[in-house]
Amino acid sequence: MKKNQKMSCRWLPHMAFSMLLVLIAMGMGWAFNKASVIKEVEVSGNFFTGTGEILSAMSVSEGLRADSLNLLEIMEKVEQLAYIKQAFINRTASGQIGVRVLEREPVALLIEPDRRMYVDGDGIRMPAGPGKSVDVPLLHATEAGMRADTLKGRPFETVNAFLQAARKNELAQITISEVAWAETEGIVVLSHDNGMKLTFGHEDFENRLDKWAGFYAGMIMAEGPGRMSSIDLRFDGQIVTR
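Quick caveat: nothing in here was measured; it's all calculated off a predicted structure.

Scanning the chain from terminus to terminus reveals six helices and 12 strands. A total of 242 residues make up the chain; the buried ones form 36% of that total. By sequence separation, contacts in the chain at least 24 residues apart represent 49% of the contacts at least 6 residues apart. Working note: accessible area of the chain is about 14400 Å², and carbon and sulfur atoms make up 55% of it.

Given below as structure tokens:
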């Protein structure tokens, strides 16, 4: 018992010294961070959103004290930009700020009488700027629910379900040019091939797109697109053509 007590007593000075070193290191780190200033801001992950636009939203400039930054507030400001879905920010002790953004991905180009806007799968509108175009179908805003600031309701839900299914179908990506929604017909599409009208209805889009792919590979490739003006793919076991 006495031997163990002696050993414990010998370790106490070492433990106290180690704790002192830890406290000193923590204090130095705190003082260093408090005194450090922003030396560089690096932005990554952006395509549609200009780096200058992100920096302007952040309101962070070189020379600011690192401890004065509210990172949560900065993230919220960046995420208010049209294309930014999420922003991730980290700060280093050496004065570097890293901003990585996740941008919204357009699924269609919304056509309106006075302007064109990209729209993503959440129905969020985004400006279509020069030099930042992507190859997506044209979407005609023919219904009231398709002209709101955020597209929502049954028309857009149906359109989005179709567009998501079409993105998984290689032939659909090649042949689908324009998309619209109608109350009775559901999804109506114009193809790149001679502007044929394709009717897909309100549901079961993956199967109907597969049906279109099979019909295209057989009939359209053999006879050419000029023989038909419309193709209705809504019915099980048959395809109605005109």
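Following the structure, the description resumes.
Let us now look at the side chain of Thr-49. Here Thr-49 lies in the loop between strand E1 (40–44) and helix H2 (51–58). There is a polar contact of 2.8 Å between the side chain of Thr-49 and the side chain of Glu-103. When neighbours within four sequence positions are excluded, Thr-49 is seen to be in contact with Ile-54, Leu-81, Tyr-83, Ile-84 and Glu-103.

This next bit is on the pattern of salt bridges. Summed over the entire model, instances satisfying the criterion amount to 11 salt bridges. Glu-73 is paired through a salt bridge with Lys-77; the nearest N and O atoms lie 3.5 Å apart. With a gap of four residues between them, Glu-73 and Lys-77 both fall in helix H3 (residues 71–78), about one helical turn apart. Across the salt bridge formed by Glu-183 and Arg-154, the nearest N and O atoms sit 2.6 Å from each other.

On to the environment of Phe-162, then. The residue Phe-162 is located in helix H4 (residues 153–167) in this model. When the C-alpha atoms of Phe-162 and Glu-206 are compared, they prove to be 8.0 Å apart, with 44 residues separating the residues in sequence. Residues in contact with Phe-162, not counting those within four places in the same chain, are Ile-176, Val-179, Ile-187, Val-189, Phe-200, Phe-205 and Leu-209.

For E1 and strand E3 (residues 96–103), the ladder comprises five bridges, and the chain directions are parallel. Its bridge partner being in E3, Glu-42 is matched across the sheet by Gly-98. Following strand E2 (residues 84–91), the chain reverses through four residues before pairing antiparallel with E3; Gly-95 in that reversal takes a positive phi of roughly 95°.

What follows deals with H4. For H4, spanning 15 residues, the distance from its first C-alpha to its last is 21 Å, which sits close to the expected 21 Å at 1.5 Å a residue. For H4, the complete set of buried residues consists of Pro-155, Phe-156, Thr-158, Val-159, Asn-160, Phe-162, Leu-163, Ala-165 and Ala-166.

As a further point, take the packing of H2 against H3. Across the interface, H2 lies against H3 with an axial gap of 8 Å and an inter-helix angle of 135°. With respect to H3, the axis of H2 lies oblique. The chirality of how H2 crosses H3 is right-handed. Across the interface between the two elements, Ile-54, Ala-57 and Met-58 from H2 touch Ile-74, Lys-77 and Val-78 from H3.

Right, let's talk about the layout of surface pockets for a bit. Space left empty within the atom packing is revealed by a probe, the size of a water molecule, rolled over the atoms. Size it by volume and the largest pocket reaches roughly 350 Å³. Val-107, Asp-135, Val-136, Pro-137 and Gln-173 are, among the 17 residues lining the largest pocket, the residues nearest its centre. If you list the elements that add at least two residues to the lining of the largest pocket, you get strand E4 (106–111), H4, helix H5 (170–175) and strand E8 (176–182). Residue composition of the lining of the largest pocket, by class: 11 nonpolar, three polar and three charged.

About the criteria used
Residues numbered from 1 in each chain as written. Predicted model: local features only at pLDDT ≥ 70, side-chain atom pairs only at ≥ 80, totals over all residues. Heavy atoms only, no water. Helix = DSSP H or I, 4+ residues; strand = E, 2+ residues; numbered from the N terminus. Buried < 20%, exposed > 50% of the residue type's maximum accessible area, 1.4 Å probe, protein only. Contact = heavy atoms within 4.5 Å. Areas by Shrake-Rupley, 256 points an atom, 1.4 Å probe, with all protein chains shown as cover. Polar contact = N/O pair within 3.5 Å; in protein donor to acceptor, adjacent residues only side chain to side chain. Salt bridge = Lys/Arg side-chain N within 4 Å of Asp/Glu carboxyl O. Pairing = 2+ DSSP bridges. Expected span 1.5 Å × (residues − 1). Axes fitted to C-alpha atoms, helices over the stretch in contact; angles between N-to-C directions. Parallel < 35°, antiparallel > 145°, perpendicular 65-115°, else oblique. Left-handed = near helix turned anticlockwise from the far one by under 90°. 1 Å grid on protein atoms, 1.4 Å probe; cavity = no way out; pocket = protein on both sides within 12 Å on 5 of 7 lines; lining within 4 Å. Points joined across faces, edges and corners; volume = space filled by probe spheres on them. Nonpolar A, V, L, I, M, F, W, Y, C, P; charged D, E, K, R; others polar.

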